[in-house]
Amino acid sequence: CSTGIPFDGGLRCLCWKILLNYLPLEKALWSSLLKKQRDLYSQFLKEMIIQPGIAKANLGVSREDVTLEDHPLNPNPDSRWNTYFKDNEVLLQIDKDVRRLYPDMAFFQRPTDYPCLLILDPQNEFETLRRRVEQTTLKSQTVARNRSGVTNVSSPLKSTPSSLSEYEVLPNGCEAHWEVVERILFIYAKLNPGIAYVQGMNEIVGPLYYTFATDPNSEWKEHAEADTFFCFTNLMAEIRDNFIKSLDDSQCGITYKMEKVYSTLKEKDVELYLKLQEQNIKPQFFAFRWLTLLLSQEFLLPDVIRIWDSLFADDKRFDFLLLVCCAMLTLIRDQLLEGDFTLNMRLLQDYPISDVHLILKKAKELQDSK
């Protein structure tokens, strides 16, 4: 896998599921495990999207479930309504991010061949995520929290383009691939309240979902949502510390990993290391994004997927990523050694080499030269 998985016959889809510890090595266990996990995911949909949606829809019709203890203005933090409104904040942030996923590709805007029937059944009167977003956006200001904890409040009336009109929503009974990704992230946020949703997770789930949803095997394709959810959860279990701000300076946090990129570079190319130090180019300026998002923002999607073959196959779990970052630096060393601060920052934030095979080959050389 580390040398690149062939696309034919859905092999990548299967390999990733094994490498991300979703499928066991024992082939005989696969079908029962897949059935169990997919049923569990349906259960999550019922509990976290359908039931709250029914409760909300019934609000206008039957009043008996709205007791004095539990009503929309109840200040009690455990109130079901309080949870509902908090969830809406998270949902709006996810919505904003997933609508813009890979804007240069039509895939995420296209309808899926396998819409979630549990949710799109025309008999259902309950409130879907799509309806929640529409109503909440109309009623509230959009609150966006970025990774550094800065909160931007922008009025939906002024923001252009508004997140609703940004893309046309598909007719009832259809849903776009980005809506499936939105659901995966919403359920992840509900099940992991300690981290919930942080901007950037959309960039991690995108390539996984794309790989599973474009698989030639129709059975894999049909269950892309549930399978992506569990693979994403397993992947996040390994990299989630990068997203937790309070761990930034601990040994498992992102600062430590960024410094590791520089200490590895110092070992491999001391001249380049000293030049970056001298210009006061800190790894935070570029390596933060490279490491946190597993390079998903630096290359086109097919290239990201190829890099991930190597990353997922790394038995030390992402040590190889540090070497890929070093390879990226050494491959542009001549330009960096000549450039001034501004030029070098531009090179690092908009990386000029698009041939990922060259980068992976260089990373492998660095690995072998240890």
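Residues numbered from 1 in each chain as written. Predicted model: local features only at pLDDT ≥ 70, side-chain atom pairs only at ≥ 80, totals over all residues. Heavy atoms only, no water.

Per an unreviewed UniProt entry, the chain goes by the name TBC1 domain family member 13 and belongs to Sitta europaea. The UniProt entry for the chain carries this comment under Subunit (unreviewed entry): "Interacts with RAB1A and RAB10; in a GTP-dependent manner." Per UniProt, the comment on the chain under Function (unreviewed entry) is "Acts as a GTPase-activating protein for RAB35. Together with RAB35 may be involved in regulation of insulin-induced glucose transporter SLC2A4/GLUT4 translocation to the plasma membrane in adipocytes." (UniProt positions renumbered as here; feature names shortened; annotations may be inferred.)

Novice: In this structure, what is going on with unusual backbone geometry? I would like to understand it.
Specialist: Glycine aside, residues mostly have negative phi angles, and peptide bonds mostly take the trans form. Residues other than glycine seldom take positive phi values, yet Asn 21 does so here, at roughly 60°. Take Asn 21: it is sitting in the loop between helix H1 (11-19) and helix H2 (30-58). Taking the relative accessible area as the measure of exposure, Asn 21 reaches 55% and is therefore exposed. The phi angle at Leu 294 is positive, at roughly 50°, despite the residue not being glycine. You can see Leu 294 is positioned in the loop between helix H12 (287-292) and helix H13 (301-312). Classification of Leu 294 by relative accessible area gives buried; the value is 1%. (Helix = DSSP H or I, 4+ residues; strand = E, 2+ residues; numbered from the N terminus. Buried < 20%, exposed > 50% of the residue type's maximum accessible area, 1.4 Å probe, protein only.)

Novice: When you look at the pattern of salt bridges in this model, what are you seeing that I'm missing?
Specialist: Any two side chains of opposite charge can pair, given that their charged atoms come close. Inspection of every chain in the model, using the stated rule, returns 16 salt bridges. Linked through salt bridges whose partners overlap, the residues forming this network are Lys 17, Arg 38, Glu 219 and Asp 227. (Salt bridge = Lys/Arg side-chain N within 4 Å of Asp/Glu carboxyl O.)

Novice: Mind showing me how you'd approach the side chain of Lys 275 here?
Specialist: Structurally, the position occupied by Lys 275 is in helix H11 (residues 270-278). Of the side chains with opposite charge, Glu 278 lies nearest to the buried Lys 275, which makes no salt bridge, at 4.7 Å. Discounting residues that sit within four places of it in the chain, Lys 275 has contacts with Leu 336, Leu 337 and Gly 339. (Lys, Arg positive; Asp, Glu negative; His and termini not counted. Contact = heavy atoms within 4.5 Å.)

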